[in-house]
Amino acid sequence: MMRVVWTLEVLLKFVWDFCVAVLQVVSWVFRPNRYMKPAIVRLPLDIKSEWGIWWLSLIIFLIPGSMVVRVRQDLGLLYVHLLHTHDADKDMQTLKSRFEHKLRLILGEVKS
């Protein structure tokens, strides 16, 4: 039962993040900002399963303004391109806290 709740929570967070990101990218397109700070950042992973890494990569890829550049499963790393960031470490911690832990719960990697 809890897996269903966690799955719905991840889905709703994704939909929210998707909508917010679409609005941000549209505003960047129509009002170009010369102070944009694109970055490629390394995201260390706690999730170990191939499915978990695949799902997390898919979520990141589908959110406008972000893209997974490389997956290093052997080292437990994702390299993520961000279209604009003020604080890359904070953005990566936000991704981890919003999605990775719940995915680990859904896949049974950790106990609640």
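Up top is the structure these notes are about.
Now for a look at the structure at hand.

Conventions adopted
- Residues numbered from 1 in each chain as written.
- Predicted model: local features only at pLDDT ≥ 70, side-chain atom pairs only at ≥ 80, totals over all residues.
- Heavy atoms only, no water.
- Core = buried A, V, L, I, M, F, W, Y, C linked by side-chain atoms within 4.5 Å.
- Buried < 20%, exposed > 50% of the residue type's maximum accessible area, 1.4 Å probe, protein only.
- Helix = DSSP H or I, 4+ residues; strand = E, 2+ residues; numbered from the N terminus.
- Axes fitted to C-alpha atoms, helices over the stretch in contact; angles between N-to-C directions.
- Parallel < 35°, antiparallel > 145°, perpendicular 65-115°, else oblique.
- Left-handed = near helix turned anticlockwise from the far one by under 90°.
- Contact = heavy atoms within 4.5 Å.
- Salt bridge = Lys/Arg side-chain N within 4 Å of Asp/Glu carboxyl O.
- Pairing = 2+ DSSP bridges.

Formed by 25 residues in total, the largest nonpolar core has its most connected members in I60, L78, V80 and F99. Those elements giving two or more residues to this core turn out to be α1 (2–30), β1 (39–44), α2 (50–62), β3 (77–82) and α3 (88–106). Element by element, the count of residues in this core is highest for α3, at seven residues.

Quick look at the packing of α1 against α3 now. Taken N-terminus to C-terminus, the directions of α1 and α3 make an angle of 155°; their axes are 9 Å apart at the nearest point. Relative to α3, the element α1 is oriented roughly antiparallel. Here α1 runs over α3; the crossing is left-handed. Here R3, W6, T7, E9, V10, K13, F14, W16 and D17 of α1 lie close against α3, whose contacting residues are R98, F99, K102, L105 and I106.

Bringing the pattern of salt bridges into the picture now. Where charged atoms from two side chains of opposite charge come close, those side chains can pair. Under the definition given, this model contains seven salt bridges. In this structure, R72 and D74 form a salt bridge, with 3.1 Å as the shortest nitrogen-oxygen distance. Judged by its relative accessible area of 22%, R72 falls in the partly exposed class. The exposure class of D74 is exposed, given its relative accessible area of 60%. The partner of R104 in a salt bridge is E109, and the shortest N-O contact between them spans 3.5 Å. Classification of E109 by relative accessible area gives partly exposed; the value is 27%. When salt bridges with common partners are traced through the structure, they connect E9, K13 and K102 into a single cluster.

A few words on the pairing of β3. Across six bridges, the pairing between β1 and β3 is antiparallel. Bridging across to β3, P44 finds its partner in L77. Looking at chain direction, strand β2 (residues 66–72) and β3 are connected through six bridges and run antiparallel. What sits directly across from M67, in β3, is H81. Between β2 and β3, which pair antiparallel in sequence order, lie four residues; one of them, G76, sits at a positive phi of approximately 70°.

Honestly, that's just the spatial picture; any functional story needs more than this.
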